[in-house]
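Listed below, chain by chain, are the residues.
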Number of protein chains: 2
Amino acid sequence: MQHYQELAEYFTEIEALESAMGLMHWDRATYMPEKSGSYRGVRMSLLSKLHHEMCTHPKIADLISKINLNSLDEWQQANVHEIEHEYHQSTMFDAHLIEKLSNTSNECELIWRKAKQEDNFDAVIPKLDELIILTKEQAQIKADKSSINNYEALVDFYDRGQKLDNINKLFDQVLAFLPDFIEQVIDKQNSLNIKQQHIELAIDKQHQICMQIAKDLGFDFDYGRLDKTFHPFCGGSYGDIRITNTYDEHNALNAIMATVHETGHALYEQNLPKNYYNQRVGKALGMSMHESQSLTYEMQLGSSKAFVNYLSQLLKDIGGIDISFQELWHNINFVKRSYIRILADEVTYPLHVILRFKLEQQIFAGNLKTKDIPILWNELMQKYLQITPPSNALGCLQDVHWYSGAFGYFPSYLSGAIIAAQLFTKAKQTLDKDRLNKFDFSGVKNWYKTNIHNFGRKMPMNELILQASNKELSIEDYKNYLQNKYLYR
Amino acid sequence: MQHYQELAEYFTEIEALESAMGLMHWDRATYMPEKSGSYRGVRMSLLSKLHHEMCTHPKIADLISKINLNSLDEWQQANVHEIEHEYHQSTMFDAHLIEKLSNTSNECELIWRKAKQEDNFDAVIPKLDELIILTKEQAQIKADKSSINNYEALVDFYDRGQKLDNINKLFDQVLAFLPDFIEQVIDKQNSLNIKQQHIELAIDKQHQICMQIAKDLGFDFDYGRLDKTFHPFCGGSYGDIRITNTYDEHNALNAIMATVHETGHALYEQNLPKNYYNQRVGKALGMSMHESQSLTYEMQLGSSKAFVNYLSQLLKDIGGIDISFQELWHNINFVKRSYIRILADEVTYPLHVILRFKLEQQIFAGNLKTKDIPILWNELMQKYLQITPPSNALGCLQDVHWYSGAFGYFPSYLSGAIIAAQLFTKAKQTLDKDRLNKFDFSGVKNWYKTNIHNFGRKMPMNELILQASNKELSIEDYKNYLQNKYLYR
């Protein structure tokens, strides 16, 4: 027990440092003076180094080896397993490789920014190539140790334990129905003569509405904030969660739905197990589960009848805007084939993800040369969405992920949507419709708190999904959800 | 050179951690959610522990011992000396004593808060006694190593190298003229029938004025901020300096003069030697010099004819307030004997400091029992200021310093005022009056930047004062300044 205690205490120090780094990150996006960025950058990178040293300190392995697991309760055991796993991940690669990866991805991201602006993919090829080679090297080291394929090793960084076969199976099923489905939805939209119209609203009114929404969805402002910045994110640390948002006076729904999305992330963070907030087992699961929480709020709840009614009331009360339920619903759920993933609606969005997922697999199987990425990108865009990007800026240069070394991240966006549908289908069975119609969303918050958030990392994601929804993850509920929402309502 | 480099790099990590802790401190006072304080407290204390471990790491001594000072330039040599000094300070006391001191001062401060509210000095006696005994123990360890007296050892924590004899000499000279001087000033005020009237002004207007003042005094908002909070302070770290302020709509001058004061601190921090911003030699000198910078702006410049004219213009332009130069000047410089140090004017203020300084010396010489503090306090108040506090809340319970373990800090407030007068007397000789009268204060900023700020800790304070003002520190200029300002103008 003494060794466990010592290990746990050491991790409270690591968590405190992470919390400080989180604050520096948030502050940089919100209140930091304009030119202080270079100093902040240097200091953050020094603290990252310090953090890495702490996380790879041999005393972790030493303490773990001395712990008698039988003397620990379930949570403590899970905590030790988490720490051990993370320690192996951190110490698996030599410092030289990590440094080269970090430098190369920083360089590549800078080159990419300019290349994207100038629509010049050629300019980034050499550095991206270098980055891919280094990432392959890293992936192979991990793959060799766990007998998995190199791309699966990358996905595992973001979504621990996810099996590539499983993702492929789910995504192929989505791919099997979605292109035709999109056709049907767009036909229906056209037949109803639906057009998307943006809602104009002063920024302070939008902010007021967003504050109200976060509050009504259960975000606890005693332990959190919502601030304006350049892009929406959810940061901070347990006990002090910070959402940010960005506002466009010509399109109020952007900020509103971003708030709903980030509140989903924030509720996950705010409702993690309090007793383990500064331990590894008390952290949120991987990216898929996190994204599922934001999509639950943005898509499942956010476009429900009750919520759209609630929103139309808010727009009227605070914004002085009179908009019918129908009009608002179609505004939120308008479907259109387009080039840019982050601007895509939820129906076409999965194809953007699958495209990237397919390309990543080709890249890491060694079947796709860096210079040929735009060709395959455009082919798949045409195949999946029947449009071809007029430029690489609107094609393979649009996302920062690859150019900053984040290969294997994309699948979590779609996995998240599938998980969201399956969990919400289950959660809905317990929800009181009268309360929802009275704009009381506490039932949703409580279901997720009890069935998901409170578990932290006590069990792997797939096990938790099975326990919470009584079935293995499948696209059944996701498909039903899309069909009911876009065709049958 | 290699060992110096390694040592310097290690201190960039320490500085990065200090910067993070500084941000946590600032954020706690400004934007932190209401109830996140307990989490923040735990994390800050964990990082303090980590910081202490880094600052006392044996590798510091090891590297210092391997450095060949002759291979270094003057700045680098001074840097090594600073690091060595700090290392000795940090490693001089055993961890057990430091922890006991930290816990006891935290406990004592909590008891004090309640005791002050309830005007119950008895309630805090046992814990304060305990804290004094521990502080004596700490002071004695340091005193023994440096052959100084125990109280001098405490003063040295805040103002390195200050000699007690020297402070006593200066303060006794102040004490010799000030009580009579106060009498004369108050007589003059009465004969002119001057009354202090507070200026009412909406808080947003006050904030606007304060922002303008900070800017006009040379505070660089590209590398700094000014925010509202509960008490004014200057925090942040090099490249990102953060002033805070508090506003009272019934008394605009409070916030305005606090801004001038904090801007003085901030200009010191913003103009430290850039090349050494993350090294010990690049830090500001002790508390006296820091306070001298804020008092230079608040008192020397802030109540000059040019500045009061400037301020009356601002109050008119932004606040819509018409106030004559005379009225504004007397408002800022109104003299009155009163109980509370932090509310005292600059003429009576020194006596509040000297009183505390005398008591501290008695306490650490073992001549004053904790329970007798109120008696001696009230005696000296009567002797110096001819008033006796009606309660201990308005007497020896008013300041947090002793109850949080900060013995030896008070003298720096008066030393700062004396230094401010001597340096400004010199600086004034170089200032262009026409530019001052056109509200261009850049000459002031530049003089201090060149003669004080840019030196960091390259030389000890007394040496720097001598170099900048061509004489040893004395009360000559301070006395002249007070007489000219309050009697002869």
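Residues numbered from 1 in each chain as written. Chains lettered and ligands numbered in written order. Predicted model: local features only at pLDDT ≥ 70, side-chain atom pairs only at ≥ 80, totals over all residues. Heavy atoms only, no water.

For any pair of aromatic rings, geometry is given as the distance between the ring centres together with the angle between the planes. Going through the model one piece at a time under the given rule, you end up with 57 aromatic pairs over all chains. With centroids separated by 5.8 Å and ring planes inclined at 10°, the aromatic side chains of A:W112 and A:Y403 adopt a geometry described as stacked. Taken together, the residues span a long stretch of sequence, with A:W112 in helix 5 (residues 95-117) and A:Y403 in the loop between helix 15 (373-385) and helix 16 (411-428) at a distance of 291 residues. Taking the relative accessible area as the measure of exposure, A:W112 reaches 8% and is therefore buried. What makes A:Y403 buried here is its relative accessible area of 1%. Summarising the aromatic geometry, the rings of A:W447 and A:Y448 are spaced 4.9 Å apart at their centres and angled 80° between planes, so their arrangement reads as edge-to-face. Note on A:W447: relative accessible area 8%, which makes it buried. The exposure class of A:Y448 is buried, given its relative accessible area of 0%. Members of the aromatic cluster, connected to one another through ring pairs, are A:Y151, A:Y158, A:F171, A:Y349, A:F357, A:F364, A:W377, A:W402, A:F407, A:Y409, A:F410 and A:Y413. Just above the ring of A:W26 sits the side chain of A:R242; from NZ or CZ to the centre is 4.3 Å. Just above the ring of B:F157 sits the side chain of B:K142; from NZ or CZ to the centre is 3.9 Å. (Phe/Tyr/Trp six-rings, centres within 6.5 Å; stacked < 30°, edge-to-face > 60°. Helix = DSSP H or I, 4+ residues; strand = E, 2+ residues; numbered from the N terminus. Buried < 20%, exposed > 50% of the residue type's maximum accessible area, 1.4 Å probe, protein only. Lys NZ or Arg CZ within 6 Å of the ring centre and 35° of its normal.)

Attention now moves to the domain arrangement of chain A. Residue and element names in this part refer to chain A. The domains assigned to chain A are domain 1 (1-91) and domain 2 (160-488). Centre-to-centre separation of domain 1 and domain 2, based on C-alpha positions: 29 Å. Listed per partner, the contact involves 26 residues of domain 1 and 21 residues of domain 2. Summed over both partners, the interface of domain 1 with domain 2 buries about 2,100 Å², with 53% contributed by carbon and sulfur atoms. Considering only the side of domain 1, the residues that lose the most area to domain 2 are W26, W75 and E82, jointly responsible for 35% of the buried surface there. (Domains from an automatic or database assignment. Contact = heavy atoms within 4.5 Å. Buried area = accessible area lost by both parts, 1.4 Å probe.)

Residues and elements named next belong to chain B. Inspection of the secondary structure assignment puts K283 in the loop between helix 10 (252-270) and helix 11 (287-301). The spacing of K283 and L272 is eleven residues in sequence and 6.8 Å in space, taken between C-alpha atoms. Among all residues touching K283, those that are not within four sequence positions of it are E15, L272, Y277, G456 and R457. For K283, the side chain forms a polar contact with the main-chain oxygen of Y277, separated by 3.3 Å. (Polar contact = N/O pair within 3.5 Å; in protein donor to acceptor, adjacent residues only side chain to side chain.)

This part takes up the nonpolar core. If you look at soluble globular proteins, the nonpolar side chains tend to sit buried side by side. Counting residues in hydrophobic clusters, the biggest one holds 135 residues, and the most contacted among them are B:I213, B:I256, B:M289, B:L315 and B:Y403. For this core, the element with the highest residue contribution is helix 8 (residues 164-191) of chain B, accounting for twelve residues. Excluding anything up to four places from it in sequence, B:Y403 contacts B:S105, B:C108, B:E109, B:W112, B:F121, B:V124, B:L128, B:L131, B:C396 and B:L397. One finds A:I213, A:A266, A:A420 and A:W447 within the second-largest nonpolar core, a separate group that totals 134 residues. (Core = buried A, V, L, I, M, F, W, Y, C linked by side-chain atoms within 4.5 Å.)

Attention now moves to the relation of the copies chain B and chain A. Once chain B has been moved 0.0 Å along the axis and rotated by 180°, it coincides with chain A to within an RMSD of 0.1 Å. Read as a symmetry element, the transformation amounts to a two-fold axis. Among all C-alpha atoms of chain B, that of B:A20 lies closest to the rotation axis, at 3.0 Å. When you check the interface residues of chain B against chain A, 100% turn up at the interface there too, and the contact is symmetric in its surfaces. (Least-squares fit on C-alpha atoms with pLDDT ≥ 70 in both.)

Turning our eyes to something else, we now look at the interface of chain B and chain A. With 39 residues of chain B at the contact, the number on the chain A side is 39 residues. Here chain B packs against chain A, burying approximately 3,400 Å² in sum over the two surfaces, 58% of which is carbon and sulfur. At the junction of chain B with chain A, the criterion picks out ten salt bridges. As a salt-bridge pair, A:K49 and B:E13 come within 2.7 Å of each other at their nearest N and O atoms. Our count for the contact surface shared by chain B and chain A stands at 17 residue pairs in polar contact (both at pLDDT 80 or more). Elements with a minimum of two residues in the side of chain B that touches chain A: helix 1 (2-30), helix 2 (37-55), strand 1 (224-228) and strand 3 (240-245) of chain B. Its residues assigned to classes, the side of chain B that touches chain A comprises 19 nonpolar, six polar and 14 charged. (Salt bridge = Lys/Arg side-chain N within 4 Å of Asp/Glu carboxyl O. Nonpolar A, V, L, I, M, F, W, Y, C, P; charged D, E, K, R; others polar.)

Turning to helix 10 (residues 252-270) of chain A, a few remarks are in order. Side chains that are three or four residues apart share a direction in an α-helix, a result of its 3.6 residues per turn. Compared with the 27 Å implied by 1.5 Å per residue over 19 residues, the 26 Å span of helix 10 of chain A between its first and last C-alpha is a close match. Judged by how many residues are buried, helix 10 of chain A sits mostly within the fold: 17 of 19 residues are covered. (Expected span 1.5 Å × (residues − 1).)

On to the pairing of strand 3 of chain B, then. Two faces, one strand: in a regular strand the side chains alternate between the faces of the sheet. Residues and elements named next belong to chain B. Burial analysis of strand 3 places six of its six residues in the buried class, which makes it a mostly covered element. Burial along strand 3 is two-sided: D240, R242 and T244 and I241, I243 and N245, pointing in opposite directions, are all buried. By the bridge criterion, five bridges tie strand 1 to strand 3 in an arrangement that is parallel. Bridge pairing in strand 3 places D227 opposite T244. (Pairing = 2+ DSSP bridges.)

What follows concerns the sheet that holds strand 1 of chain B. Residues and elements named next belong to chain B. Reading across from one edge, 1-3-2 is the order of the three strands in this open sheet, with mixed pairing throughout. Strands at the two margins of the open sheet, each flanked by one partner only, are strand 1 and strand 2 (233-237). The sheet shows a mean angle of 20° between the axes of neighbouring strands, taken without regard to direction. Note that strand 2 and strand 3 share five bridges and pair antiparallel. Bridged to G236 within strand 3 is I241. Taken strand by strand, helix 1 contacts strand 1, strand 2 and strand 3, and its axis lies near 140° from that of strand 2. Helix-sheet contacts for helix 10 involve strand 1, strand 2 and strand 3, and the interaxial angle to strand 3 is about 165°. (Axes fitted to C-alpha atoms, helices over the stretch in contact; angles between N-to-C directions.)

For the rest of this paragraph, the subject is the packing of helix 14 (residues 349-364) of chain A against helix 16 of chain A. For any two helices packed against each other, one specifies the crossing angle of their axes together with the interaxial distance. All names here are of chain A. Following both chains from N to C, one finds helix 14 and helix 16 inclined at 135°, their axes separated by 8 Å at the closest point. Looking at the two axes, helix 14 sits oblique to helix 16. Here helix 14 and helix 16 pass one another in a crossing that is left-handed. On the side of helix 14, the interface is formed by Y349, P350, V353, I354, F357 and E360, while helix 16 contributes P411, Y413 and L414. Residue composition of the contact of helix 14 with helix 16, grouped by class: eight nonpolar, no polar and one charged. (Parallel < 35°, antiparallel > 145°, perpendicular 65-115°, else oblique. Left-handed = near helix turned anticlockwise from the far one by under 90°.)

Across the chain, the bulk of peptide bonds are trans and the bulk of non-glycine residues have phi less than zero. Residue and element names in this part refer to chain A. Phi at D119 takes a positive value of approximately 50°, unusual for a residue other than glycine. With respect to the helices and strands, D119 occurs in the loop between helix 5 and helix 6 (125-146). Residue D119 is classed as partly exposed on the basis of its relative accessible area, which comes to 36%. For F439, which is not glycine, the phi torsion reads 65° and is therefore positive. Take F439: it is sitting in the loop between helix 17 (433-437) and helix 18 (442-451).

Another aspect to go through is a positive patch on the surface. All names here are of chain A. Judged by side-chain charge, K305, K428, K433 and R489 come together as a positively charged surface patch. For R489, the location among the structural elements is in the segment after helix 20 (476-488). Classification of R489 by relative accessible area gives partly exposed; the value is 43%. (Patch = residues over 30% accessible without salt bridge, like charges linked within 9 Å, V, L, I, M, F, W, Y side chains within 5 Å. Areas by Shrake-Rupley, 256 points an atom, 1.4 Å probe, with all protein chains shown as cover. Lys, Arg positive; Asp, Glu negative; His and termini not counted. Charge placed at Lys NZ, Arg CZ, Asp CG, Glu CD.)

Our next topic: the confidence of the model for chain A. When pLDDT is averaged along chain A, the result is 96, and 100% of the positions lie at 70 or above. Scored by ipTM, the complex comes to 0.93, with pTM at 0.94. (pLDDT = per-residue confidence, 0-100.)

Here we take up the sheet that holds strand 2 (residues 233-237) of chain A. Each strand in a sheet pairs with another by means of backbone hydrogen bonds, the pair being arranged parallel or else antiparallel. Residues and elements named next belong to chain A. Pairing in this open sheet of three strands is mixed, and the strands run 1-3-2 from one edge to the other. A single partner strand is all that each edge strand has here, and the edge strands are strand 1 (224-228) and strand 2. The sheet shows a mean angle of 20° between the axes of neighbouring strands, taken without regard to direction. Seen against the sheet, helix 9 (residues 203-217) touches strand 1 and strand 3 (240-245) and runs at an angle of roughly 160° to strand 1.

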